[in-house]
Amino acid sequence: MEKDHHLNAAEIIDSLGGMVTKDQAQAISDGRFGNPKFIASTRPNANVKETISHLSEIGGGQMLANITDRIYRIFNSERGSAVEKRIIVIGEEGSTLAVRALGKLAETIDAVPFERGDEVEIKGISISADGTGSVTPSGSIKKIKHTSNISITDYSVVISSVNGVDIIGMLTEIGPIRHIERLGGMRPIPVSSCILSDGKMNVAASFWGSSALATTKIKANGWVKLEFCNIKVSDGIMTVNALDSTRVLAHDSLSRRSKP
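Here is a short report on the structure shown in this document. Quick caveat, the model's predicted, so the values are computed rather than measured.

About the criteria used
- Residues numbered from 1 in each chain as written.
- Predicted model: local features only at pLDDT ≥ 70, side-chain atom pairs only at ≥ 80, totals over all residues.
- Heavy atoms only, no water.
- Helix = DSSP H or I, 4+ residues; strand = E, 2+ residues; numbered from the N terminus.
- Buried < 20%, exposed > 50% of the residue type's maximum accessible area, 1.4 Å probe, protein only.
- Contact = heavy atoms within 4.5 Å.
- Areas by Shrake-Rupley, 256 points an atom, 1.4 Å probe, with all protein chains shown as cover.
- Arc of directions from axis to C-beta.
- Polar contact = N/O pair within 3.5 Å; in protein donor to acceptor, adjacent residues only side chain to side chain.
- Pairing = 2+ DSSP bridges.
- Axes fitted to C-alpha atoms, helices over the stretch in contact; angles between N-to-C directions.
- Phe/Tyr/Trp six-rings, centres within 6.5 Å; stacked < 30°, edge-to-face > 60°.
- Lys NZ or Arg CZ within 6 Å of the ring centre and 35° of its normal.
- Salt bridge = Lys/Arg side-chain N within 4 Å of Asp/Glu carboxyl O.
- Lys, Arg positive; Asp, Glu negative; His and termini not counted.

1. Things to note about the overall build of the chain
In terms of helices and strands, the chain carries six helices and twelve strands. Expressed as a percentage of the 260 residues in the chain, the buried residues total 45%. For the chain, restricting intrachain contacts to residue pairs at least 6 apart in sequence, the fraction spanning at least 24 positions comes to 58%. As displayed, the chain offers around 13600 Å² of accessible surface, 52% of which is attributable to carbon and sulfur atoms.

Quick look at the structure:
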């Protein structure tokens, strides 16, 4: 049997498009990030399921990979940090990977913007033994295909309560941040009461936790998209709840998707 060719640091750098330093490449060549041949052969068509499967085959540990897959969900910026931190979950139901992005890379998530359902290529994901990932300083994220997910833009079509949906509208009123006490000694949760409009119909919208804090960066009459929010319809009255786990995206391009 022919002996496997050992991948040296230069070959690792070339195979990964120069996205790693010489020291990082040497660490990969030495096997300190998992199987060097798998890492070096990782191409944009490697998805989360394939990557996790390989990680399981080699018995866990740490590895570096490039992954192309859909964004399952995006979380709001983490609170209490001078450097912006975002968690992006990629993959599909039952096979997902939570990836942390820091600094300028995290800032591009809303600036581009990246949205739930987008197909993206993320290079330089360091995957830990616990199954979570972080984009390395030399890593990158690129949009391959825009989402085909449907967002609610005409509120009149909503006739019953529904959870985990996306809705787009203008925040015509943004209430001040209040803090509500919780049982069990947990810290108070921020809350903001707002009015969301599709141009024809206004609805009350409550923002909680990180979603409430996100409203402090939005100007009145600014357009937003709420990903994974809950809608309640009672006695014909529609209300929207943006929870701590909801993603609040504010971007001017959202106005072009409205249906006045």
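Picking up where we left off.
2. Concerning unusual backbone geometry
A cis amide bond, omega -5 degrees, links Val112 with the succeeding residue Pro113. Relative to the assigned elements, Pro113 resides in the loop between α5 (103-111) and β4 (119-127).

3. Let's talk about helix α4 (residues 48-57)
The complete set of buried residues in α4 reads Val48, Thr51, His54 and Leu55. Burial along α4 is one-sided: seen end-on, the buried residues are contained in an arc of 135 degrees. The outward face of α4, more than 90 degrees from its buried face, is lined by the exposed residues Lys49, Ser56 and Glu57. N-cap assignment for α4: the residue whose side-chain oxygen lies 3.2 Å from the backbone N of Lys49 is Asn47.

4. Quick look at the pairing of strand β5 (residues 133-145)
Pairing between strand β3 (residues 95-102) and β5: two bridges, direction parallel. Each bridged residue has a counterpart across the sheet, and for Val99 the counterpart in β5 is Gly133. Strand direction decides the pairing type here: β4 and β5, joined by eight bridges, are antiparallel. Looking at β5, one finds that Val120 is bridged to Lys143. Between β4 and β5, which pair antiparallel and follow one another directly, the connecting turn spans five residues, one of which, Gly131, has a positive phi of 85 degrees.

5. Quick notes on the sheet that holds strand β1 (residues 63-74)
Sheet architecture is closed into a barrel: five strands sit in the order β1-β2-β3-β5-β4, paired in mixed fashion. Between one strand axis and the next, the sheet turns through 45 degrees on average, direction left out of account. Relative to β3, α5 is tilted by about 115 degrees, and along the sheet it contacts β1, β2 (85-92), β3 and β5.

6. Remarks on the packing of aromatic side chains
Two measures describe an aromatic ring pair: the distance that separates the ring centres and the angle between the ring planes. Across all of its chains, the model carries one aromatic pair by this definition. On the numbers, 6.0 Å between centres and 55 degrees between planes, the contact of Tyr72 with Phe228 is tilted. One end of the pair, Tyr72, is in strand β1; the other, Phe228, is in strand β10 (residues 222-234), with 156 residues separating them in the sequence. The cationic tip of Arg73 hangs over the ring face of Phe228; the distance from NZ or CZ to the ring centre is 3.9 Å. The ring of Phe114 carries Lys143 above its face, with NZ or CZ at 5.9 Å from the centroid.

7. Observations regarding the pattern of salt bridges
When the charged atoms of two side chains with opposite charge come close together, those side chains can pair. Evaluated as defined, the whole model comprises eleven salt bridges. For Asp110, the salt bridge is made with Arg86, and the minimal N-O distance between the two is 3.3 Å. With Asp110 in helix α5 and Arg86 in strand β2, this pair connects stretches of sequence that are 24 residues apart. Arg247 serves as the salt-bridge partner of Asp110, at 2.7 Å between the closest nitrogen and oxygen. Here the residue Asp110 occupies a position in helix α5, and Arg247 occupies one in strand β12 (residues 247-250), the gap between them amounting to 137 residues. Of the residues examined, Asp110 reaches a relative accessible area of 22% and is grouped as partly exposed. A residue is classified by how much of its surface remains accessible, and Arg247, at 0% relative accessible area, is buried. Each of the salt bridges in this network shares a partner with another, and the network as a whole consists of Glu84, Arg86, Asp110, Glu115, Lys225, Glu227, Arg247 and Arg257.

8. Quick look at the side chain of Asp69
Within the fold, Asp69 resides in strand β1. Look at Asp69: it is buried, it has no salt bridge, and the nearest opposite charge is Arg70 at 6.6 Å. One polar contact links the side chain of Asp69 to the main-chain amide nitrogen of Val48, over a distance of 3.0 Å. Not counting residues up to four positions away in its chain, the partners in contact with Asp69 are Asn47, Val48, Gly91, Asp118, Glu119 and Val120.

9. Side note on the environment of Asp198
Relative to the assigned elements, Asp198 resides in the loop between β8 (189-197) and β9 (202-208). Among the residues examined, Asp198 registers a relative accessible area of 2% and is labelled buried. Distance in space between the C-alpha atoms of Asp198 and Tyr155 is 6.6 Å, their sequence separation being 43 residues. Of note is the side chain of Asp198, whose polar atom sits 2.9 Å from the backbone nitrogen of Tyr155.

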